[in-house]
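Spelled out, the chains give:
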Amino acid sequence: MSDHRNVSEHYTHGELLGAIHAGVTALGKTTDSVTVHDLAAVDEFHIGGRQASEDFLGQLNLTTADHVLDIGCGLGGASRFVASQYGSRVTGIDLTAEYIETGKIMCAWVALGDQIALHQGSALSMPFEDGTFDSGFMMHVGMNIEDKAGLCSEVYRVLQAGASFGTYDVMQVGDDELTYPVPWATTSETSAVASPEQYKHALQDAGFTIVAERNRRDFALAFFEQLRAKTAAASGPPPLGLHILMGASAVVKVQNMIENISAGRIAPVELIARKA
Ligand SMILES: C[S@@+](CC[C@H](N)C(=O)[O-])C[C@H]1O[C@@H](n2cnc3c(N)ncnc32)[C@H](O)[C@@H]1O
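These numbers come from a predicted model, not from an experiment.

A. Geometry of the site of the ligand. Taken together, 25 residues form the shell around the ligand, and within it Phe45, Gly72, Gly74, Thr96 and Ala123 come nearest. The element that contributes the greatest number of residues to the shell around the ligand is helix α1 (residues 4-11), accounting for three residues. A breakdown of the residues in the shell around the ligand according to their chemical character gives 14 nonpolar, nine polar and two charged.

The following block contains the structure:
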């Protein structure tokens, strides 16, 4: 079971802006010179980082004319990528207040504050009018949301007719129990991992048509192998990295995720759906 308070407590750091600012300084940059590319190391909180975002979001055919919704946007890393890469206007929403407050400041650092609006709130009841967005996406968020049916109908409501909706989530692909902690949950109590079939049913019941599906297991294992080699070659963690978000248990969370993926219990899966 997961609930909103447990989920936002899990992700709240307490001193996140200061920690990221220190990382920027250690990179030899300032808040004026840091780039969207530099920040990707800490603000793309999903398997495969910026590369995964490029591969996934490239399927949504985004343009400068689009208003795009980033559901569970975290620090807004993918929002900044979409705004800078495709020129789209982006709105992000996330449950964790500290991520939204920090993310807004990071948008200002890279001069994207006018193109991106970040809101604190739940994906299950979004403060947006029906049919507001031309496209939407969600990366590594559904693992914290038990009510997939409610989530999919709320996303359907805020998208325009014909809009695409992409999900890149960690999904259950085997029957065995997961080893915890993992990056999205300390125990099974706050994990709501579901199978691709459960996601597809929820999307179809909401009115979406599934247009593409891709299991990214091999990509994920290659990504973790590269990360392992880089970490072994370095004397310590990089100035900016996901260890800042995951805190003291970062190493064990990542190890458990690799083990869960290697053992065939979970895999990162992309689903692309379209509103009729
Ligand atoms: C692993 S992070 C991924 C963040 C971001 N999508 C990314 O890829 O960098 C999961 C995020 O989902 C958010 N989240 C979980 N449940 C949510 C909900 N019901 N509504 C909005 N955001 C939620 C969390 O606050 C957290 O920021």
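B. The sheet that holds strand β5 (residues 159-172), seen in detail. Pairing in this open sheet of seven strands is mixed, and the strands run β3-β2-β1-β4-β5-β7-β6 from one edge to the other. The sheet terminates laterally at β3 (116-120) and β6 (208-215), the two strands that pair on one side only. For this sheet, the mean angle separating the axes of adjacent strands, direction not counted, is 15°. The sheet contact formed by β5 and strand β7 (residues 266-275) spans nine bridges and is antiparallel. Counted as the bridge partner of Val170 is Pro268 from β7.

C. Inspection of the environment of Gln59 at higher detail. You can see Gln59 is positioned in the loop between α4 (49-57) and β1 (67-71). Not counting chain neighbours up to four residues away, the residues in contact with Gln59 comprise Gly166, Ala212 and Ile272.

D. Structural view of unusual backbone geometry. Following Tyr180, the chain continues to Pro181 via a peptide bond in cis, the omega torsion being 0°. Its identity is not glycine, yet Asn61 carries a phi of approximately 50°, on the positive side. Even without being glycine, Ala111 reaches a positive phi, approximately 55°.

E. Main features of the nonpolar core. Ranked by size, the top nonpolar core spans 78 residues in total, and within it Val82, Cys152, Val155 and Leu203 carry the most contacts. Apart from residues lying up to four places away in sequence, Leu203 is in contact with Cys152, Phe208, Ile210, Leu271 and Ala273.

Cut-offs used in this document
Residues numbered from 1 in each chain as written. Predicted model: local features only at pLDDT ≥ 70, side-chain atom pairs only at ≥ 80, totals over all residues. Near = placed C-beta within 6 Å. Helix = DSSP H or I, 4+ residues; strand = E, 2+ residues; numbered from the N terminus. Nonpolar A, V, L, I, M, F, W, Y, C, P; charged D, E, K, R; others polar. Pairing = 2+ DSSP bridges. Axes fitted to C-alpha atoms, helices over the stretch in contact; angles between N-to-C directions. Contact = placed C-beta atoms within 7 Å. Core = buried A, V, L, I, M, F, W, Y, C linked by C-beta atoms within 7 Å. Buried ≥ 20, exposed ≤ 12 C-beta atoms within 10 Å, placed from the backbone.

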